[in-house]
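Listed below are the residues making up each chain.
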Amino acid sequence: MTGVVSGVTSGAVPGVTVAAVRDGAADLPVLPLLTHRGRQLAHAREVVTGVDGTPVASLSLAPDLLVAQTLAAQRKALPLPPEERAERLADAARRFVDETFGGLTFAEHSARVAAVSGHNRALIETLGLAVARSIADAPTRADQGRPTGSARSWRVAAAGSGQGVWTRRGETLGAILSGNLPTIQNGWLQALALGYRVVVRPSRREPFTAYRVIEALRAAGFRDLDAAFLPTSRQGVSTIVRRAHLGLMYGGDDVQSEYGSSPDIKVGGPGRSKTLVGRDHAGPAAVELVADSVTALSGAACVNTTAVLVEGDHAAFARDLAAVLADRTRGRQTGDEHVGPRFPVDSARALVDHLRHAAARAHAVIPWDDVATPHPDGGVVLGPAVFTVADPRDGLLGKELPFPCVWVAPWQRSDGAEPLRNSLVVNAITDDDELVEALLRDPTVQNVHVGAPTVHSDGNLPHEGYLGDFLMRSKAVVST
């Protein structure tokens, strides 16, 4: 029996996880809400389209009251035991790849994500496997941030002369996800591993990865209230942030400005990652390394290099870089292995117009006609784009776009670390140990690589600090 509660048809969808409804002229699969009471269909829906403009699915949108009810139920629940969480996460990782959810195998899911995200299919499959590793490894990754002086259990501390115990700062977490890449799930999975009950508000452009993760978690034995999938409007986001104990948010400068000062919200903002090339290293190997850092992950990640500072002839380095990128992309941008992401035509036009305006004082090393390539399957592939500027302090070095685009500027040792500030990652290709030390001292530089591409990560490295620094705290436990 079903009913309507706050704009939601309650009760599990019988027999299937994705129902078919009529949206306009096409029968579209519907992504239901995954609430603390199981699967539910909302009256309010939004059509998710591919980059070619084709409708792909109808997404249920959770009403504000249901969001509040879910978080209230999560607050009252106790977490599963740590060992049980770890076992079920390992099982969910296997199910994410091996089983069918929402009527889709992993291969079919990857094709759908590629269709809406604009990334090529091979990258999406690789990132999908990385998501599975994030599920399985969530307990280990979360534990990376635990202080060496703190135990996981109070019983361990009480058995000795006293010790710090790592404890949650709250019980519920709201995760407001962006749609850049499927691996955005990594953060909230660590919170789940630590015992938080989580509400996930997925990207409305690419909600399918979060949906599949939570379906896999439930199939592995997590309770409905452990992790909820609640696409919502902007008003719903405010409710999640207000009612959850802690929040994870991802976005640009606007999100950072609105939420970045809150101690209870961790904002994953722009990366503005940079590479510095020392005079004795500005050869072919450095050019190839920078090319990797610019184009990996479709150039859409916060860890992609968006600015290169060169000690020496920066214009020559930019020309060599443009030649390598052109060679890598030749013949690929109109195929299945396109290097840059595909965008809808209108979005691509707006991004290129924005770039033309922003780059008015820069020199385009790659011709403008080569920056945007129409794709035969619809949409436009953007990038790579390479520009030179004359000043290492030019504001364009902080200009970040969602495709392979890089700004190249001159640098000399007297400039020091100052032009490299406000960076998620700096790769210093140099033998200058003093510069590396200066980068480590600078609080606005989050991560320092020495000769390693800015996109390098093994899942256990801190990103913007270890997430456990935000989710947990240490309390002293002493027993007589």
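First, a word on scope: everything that follows refers to the structure included in this document. (Residues numbered from 1 in each chain as written. Predicted model: local features only at pLDDT ≥ 70, side-chain atom pairs only at ≥ 80, totals over all residues. Heavy atoms only, no water.)

**Thoughts on the overall build of the protein chain**
Right, so step 1: Looking only at helices and strands, the protein chain has 14 helices and 26 strands in total.
Right, so step 2: The 480 residues of the protein chain split such that 54% are buried.
Right, so step 3: Of all intrachain contacts in the protein chain linking residues separated by at least 6 positions in sequence, the fraction that spans at least 24 positions is 71%.
Right, so step 4: Element-wise, carbon and sulfur atoms account for 51% of the exposed surface of the protein chain, whose accessible area totals about 20,000 Å².
Right, so step 5: Here the protein chain carries 48 positive and 52 negative side-chain charges, and the mean point of each set is 9 Å from the other. (Helix = DSSP H or I, 4+ residues; strand = E, 2+ residues; numbered from the N terminus. Buried < 20%, exposed > 50% of the residue type's maximum accessible area, 1.4 Å probe, protein only. Contact = heavy atoms within 4.5 Å. Areas by Shrake-Rupley, 256 points an atom, 1.4 Å probe, with all protein chains shown as cover. Lys, Arg positive; Asp, Glu negative; His and termini not counted. Charge placed at Lys NZ, Arg CZ, Asp CG, Glu CD.)

**Things to note about the pattern of salt bridges**
Right, so step 1: With the rule as written, the count across this model stands at 26 salt bridges.
Right, so step 2: For E46, the salt bridge is made with R204, and the minimal N-O distance between the two is 2.4 Å. With E46 in strand β7 (residues 45-49) and R204 in the loop between β12 (197-201) and α7 (208-219), the pair connects residues that are 158 residues apart, well separated along the chain.
Right, so step 3: Among the residues examined, E46 registers a relative accessible area of 23% and is labelled partly exposed.
Right, so step 4: Of the residues examined, R204 reaches a relative accessible area of 25% and is grouped as partly exposed.
Right, so step 5: Across the pair D442 and R421 runs a salt bridge whose closest N-O atoms are separated by 2.9 Å. You can see D442 sitting in the loop between α13 (433-441) and β25 (445-449) and its partner R421 sitting in the loop between β23 (405-410) and β24 (423-429), a full 21 residues away along the chain.
Right, so step 6: Taking the relative accessible area as the measure of exposure, D442 reaches 11% and is therefore buried.
Right, so step 7: When salt bridges with common partners are traced through the structure, they connect D91, R94, R95 and E99 into a single cluster. (Salt bridge = Lys/Arg side-chain N within 4 Å of Asp/Glu carboxyl O.)

**Looking at the packing of aromatic side chains**
Right, so step 1: Evaluation of the coordinates by the stated rule reveals four aromatic pairs.
Right, so step 2: Ring geometry for Y211 against F229: centres 5.3 Å apart, planes inclined by 75°, an arrangement best described as edge-to-face. Residue Y211 is found in helix α7, and its partner F229 is found in strand β13 (residues 227-229); the two are separated by 18 residues along the sequence.
Right, so step 3: Ring pairing ties together the aromatic residues W368, F387 and W407, which thus form one cluster. (Phe/Tyr/Trp six-rings, centres within 6.5 Å; stacked < 30°, edge-to-face > 60°.)

Purely geometric numbers; function is a separate question.
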